[in-house]
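# Remarks on the overall topology
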Amino acid sequence: MAIVVLNSATSGINTRTTLTERLTASDLPIRLDPTIRSQALRVHAALRTGILEGLLPAGLKLPSSRALAMQLGMGRNAVVAAYEHLLSDGLVETRQGAGTFVAAGLPAPQAAPSPPMPPVERPDRGAFALGRTHVEPAFLARLGAAVRRRIAGASLSDLDYGDPRGSAHLRQQIARFLAVHRGIRCDPACIVIVSGTQHGLRLCANALLSPGDPVWVEDPGYDAAKTALTAAGARLIPVSVDREGIDIAAGIGAAPHARAVYVTPSHQFPTGVTLSMRRRVALLDWAQRAGAWVFEDDYDSEFRYAGPPLTALAGLSAERVIYIGTFAKTLFPGLRLGYLVLPPSAVRPVLAERAAFDRFPQKFLQDAVADVIADGTVAAHLRRMRTRYAAARELLIEALPTASGGLLHPDAPDQGLHLIAYLAPEVDPGCAPWIRDRAGIVARLLSETRLIPGGREGFVLGFSGHTVADLRDGAARLGAATQEAAAVFP
Ligand SMILES: Cc1ncc(COP(=O)(O)O)c(C=O)c1O
């Protein structure tokens, strides 16, 4: 039997072409991949594909190694090695004195080739995209040097399986920071490093909630948190937000026995309101009575432009509150570093959950981040970024009303990296998607962050990590599109 070598540039088996005069139409179809340098591996890969795709059916006798080697112009050893490899794969079997045959009982080949992978969606990073930050090359150089030092100087234990809570050095630095800036006194033993807020929330929800458990969420609220909680099987109970933050009485009215609540008390996402002290006390009081967990997402407290922040909920009650911090805003989202501060009773279940996922997080980058916190690099970076982001915020506060002829009302609280530009009452809220498209911006609409429709409409605009020119340009386009909407859809 001779071998048909399929043209490697074509994919269909109907396009068989014989490459040498010696081959005939009754040949065995295989496709040799010229990019595989080893002859043995090239023959093995071609025969394996032929068998798995069903081109070489079960029971088919393969040519002798000598014949195949001659036909392919290769050394016989390469073909013998390929056959042995196929034998250990279980794809062929030998019969004493009879030769080598395609094995029986292999999985049936797929009828149709699998469809091409659709592109993986990434968040849109255009004008006013949320979650961007600015990072200076000098900062990256220092972080990079710290990573290199950590890896080059790794000890045996650094290379081994590690602590499921993450780097002890980073946990110490975080504990120190939280004590000074957020009024949270915690033992580093109760801190768990995670890959960001969403990962931390999901771990906690998996560990501490049961499928179907009711969980209060702020409405409007943060999509990624709702996604994580829903994925963990929670039943979301939307609770309205007013000028004092989440309405605790409304939550108790809707689901008094909820098992948890997700809140952004320092800077409600997206409205920006601060949870009043009265509501904080009411929330903790309810959580204590109901035995519910409070997931406190404190995502941007490092960026305050006036006055000190209120003490974190976790600073008021260490028993029911799980504090979730992130480096996505202070440094950059691509770092994928966040942390949980857990009440002692939650540590074991959360670590058991982590053990079932990824055992423990990688350590080198965490140690390096701890190094640049300890040597003051991060504090200096934060000081510079506060000034930069404050200027970006001011720019939008001034530009939006002017550009829109007074039809956009920016509401910028003293904290954070985004603001809301509310639509004036004279603009139909239903025009908001049209305005966004017309302006060519990627802002979330306030209505898109709500589970229960209603309330004012506005654009949630991120201002950090965008250039001054882009912010000016975006504000001009958004303002012009808003004026146009008011004129076209009176
Ligand atoms: C409300 C809120 N929490 C947390 C985060 C950070 O999430 P992560 O740490 O998963 O990147 C963001 C980012 O935009 C946010 O808006």
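Reading guide: rules and limits
- Residues numbered from 1 in each chain as written.
- Predicted model: local features only at pLDDT ≥ 70, side-chain atom pairs only at ≥ 80, totals over all residues.
- Helix = DSSP H or I, 4+ residues; strand = E, 2+ residues; numbered from the N terminus.
- Rg over C-alpha atoms; globule rule 2.2 N^0.38 Å.
- Buried ≥ 20, exposed ≤ 12 C-beta atoms within 10 Å, placed from the backbone.
- Contact = placed C-beta atoms within 7 Å.
- Pairing = 2+ DSSP bridges.
- Axes fitted to C-alpha atoms, helices over the stretch in contact; angles between N-to-C directions.
- Parallel < 35°, antiparallel > 145°, perpendicular 65-115°, else oblique.
- Left-handed = near helix turned anticlockwise from the far one by under 90°.
- Nonpolar A, V, L, I, M, F, W, Y, C, P; charged D, E, K, R; others polar.
- Near = placed C-beta within 6 Å.
- Arc of directions from axis to C-beta.
- Expected span 1.5 Å × (residues − 1).
- Core = buried A, V, L, I, M, F, W, Y, C linked by C-beta atoms within 7 Å.
- Domains from an automatic or database assignment.

### A short note on the overall build of the protein chain
Regarding its fold elements, the protein chain presents 16 helices and 16 strands. The C-alpha radius of gyration computed for the protein chain amounts to 31 Å, which surpasses the reference 23 Å derived for 490 residues by more than 25%, pointing to a less compact arrangement than a globule. A burial count over the protein chain gives 40% of its 490 residues as buried. Taking as baseline every contact in the protein chain between residues at least 6 positions apart, the subset at least 24 positions apart corresponds to 70%.

### Digging into the sheet that holds strand β14 (residues 418–423)
The four strands are arranged β13-β14-β16-β15 in an open sheet whose pairing can be described as antiparallel. Looking at which strands have only one partner, the edges of the open sheet turn out to be β13 (408–411) and β15 (444–445). Pairing of β15 with strand β16 (residues 458–462), which is carried by two bridges, proceeds in the antiparallel orientation. Looking across to β16, one finds that Leu445 is bridged to Phe459.

### Describing the packing of helix α4 (residues 137–152) against helix α13 (residues 364–374)
Where α4 contacts α13, the axes come no closer than 8 Å and their chain directions differ by 125°. Our classification of the angle between α4 and α13 gives oblique. Crossing handedness for the pair α4 and α13: right-handed. Judged by residue contacts, Arg142, Leu143, Ala146, Val147, Arg150 and Ile151 of α4 engage Phe364, Leu365, Asp367, Ala368, Asp371 and Val372 from α13. Considering only residue class, the contact of α4 with α13 consists of eight nonpolar, no polar and four charged.

### Focus on the site of the ligand
In the vicinity of the ligand lie 14 residues, with Gly196, Thr197, Tyr299, Thr326 and Ala328 positioned nearest. Here the shell around the ligand is built from residues that sort into six nonpolar, seven polar and one charged.

### Considerations on the sheet that holds strand β7 (residues 235–242)
The strand order β5-β12-β11-β10-β9-β6-β7-β8 describes an open sheet built from eight strands, whose pairing is mixed. Taken across any chain shown, the strands that pair with only one partner, and hence form the sheet edges, are β5 (191–194) and β8 (245–246). Pairing of strand β6 (residues 214–219) with β7 involves six bridges; the strand directions are parallel. Across the sheet, the residue bridging to Pro214 is Arg235, located in β7. Strands in contact with helix α8 (residues 223–231) are β6, β7, β9 (260–263) and β10 (293–297); relative to β6, the strand with the most contacts, it is inclined by about 170°.

### Some remarks on the packing of helix α7 (residues 197–208) against α8
Two elements in contact, α7 and α8, have axes separated by 9 Å at closest approach and are oriented at 30°. The pairing of α7 with α8 is recorded here as roughly parallel in orientation. The crossing of α7 and α8 is right-handed. On the side of α7, the interface is formed by Gln198, Leu201, Arg202 and Ala205, while α8 contributes Ala224, Ala225, Ala228, Leu229 and Ala231. Among the residues making up the contact of α7 with α8, the classes are represented as seven nonpolar, one polar and one charged.

### Brief notes about α8
Of all the positions in α8, only Ala225, Lys226, Ala228 and Leu229 are classed as buried. One side of α8 carries all its buried residues, which in axial view fall inside an arc of 165°. Buried positions along α8 lie against α7, β6, β7, β9 and β10. Positive backbone phi, approximately 95°, marks Gly233, located one or two places after α8.

### A look at helix α10 (residues 277–290)
With 14 residues, α10 extends 20 Å between its outermost C-alpha atoms, agreeing within 8% with the 20 Å of an ideal straight helix rising 1.5 Å per residue. Along α10, the residues classified as buried are Arg280, Leu283, Trp286 and Ala287. For α10, the angular spread of buried residues about the axis comes to 135°, placing them on one side. Exposed residues on α10 whose side chains face more than 90 degrees from its buried face are Met277, Arg278, Asp285 and Arg289. Packing partners of the buried residues in α10 comprise α9 (248–254), β9, β10 and α11 (313–316). Trailing α10 by a residue or two, Gly291 shows a phi angle of about 65°, which is positive.

### Structural notes on the pairing of strand β11 (residues 321–326)
Most of β11 sits inside the fold, with six of its six residues counted as buried. Residues of β11 alternate between two faces, with Val321, Tyr323 and Gly325 on one and Ile322, Ile324 and Thr326 on the opposite face, all of them buried. Direction of pairing for β10 relative to β11: parallel, over a ladder of four bridges. Its bridge partner being in β11, Glu296 is matched across the sheet by Tyr323. Inspection of the sheet shows β11 paired to strand β12 (residues 338–341) by four bridges, in the antiparallel sense. Bridging from a neighbouring strand, Tyr323 pairs with Val341 of β12.

### With respect to the nonpolar core
If you look at the biggest cluster of nonpolar residues, it comprises 68 residues, and the most contacted ones within it are Leu229, Val261, Val294, Phe295, Ile322, Leu340 and Val341. In this structure, Val261 is in contact with Val215, Trp216, Gly251, Ala287, Ala292, Val294 and Phe295, ignoring residues within four places of it in sequence. One finds Ala127, Phe303, Met385 and Leu400 within the second-largest nonpolar core, a separate group that totals 34 residues.

### As for the environment of Ala328
Mapped onto the fold, Ala328 is located in the loop between β11 and β12. The sequence separation of Ala328 and Tyr299 amounts to 29 residues, and the corresponding C-alpha distance is 8.1 Å. If we skip the residues at most four places from it in the chain, Ala328 touches Gly131, Gly196 and Pro333.

### Re the domain arrangement of the protein chain
Splitting the protein chain by domain gives domain 1 (3–102), domain 2 (163–362) and domain 3 (387–488). Once you take the C-alpha centre of each, domain 1 and domain 2 turn out to be 59 Å apart.

### So, unusual backbone geometry
A cis amide bond links Asp219 with the next residue in sequence, Pro220, at an omega value of 5°. Of note, Pro220 is situated in the loop between β6 and α8. In this structure, Pro270 follows Phe269 across a cis peptide bond, with omega equal to 5°. Along the chain, Pro270 turns up in the loop between β9 and α10.

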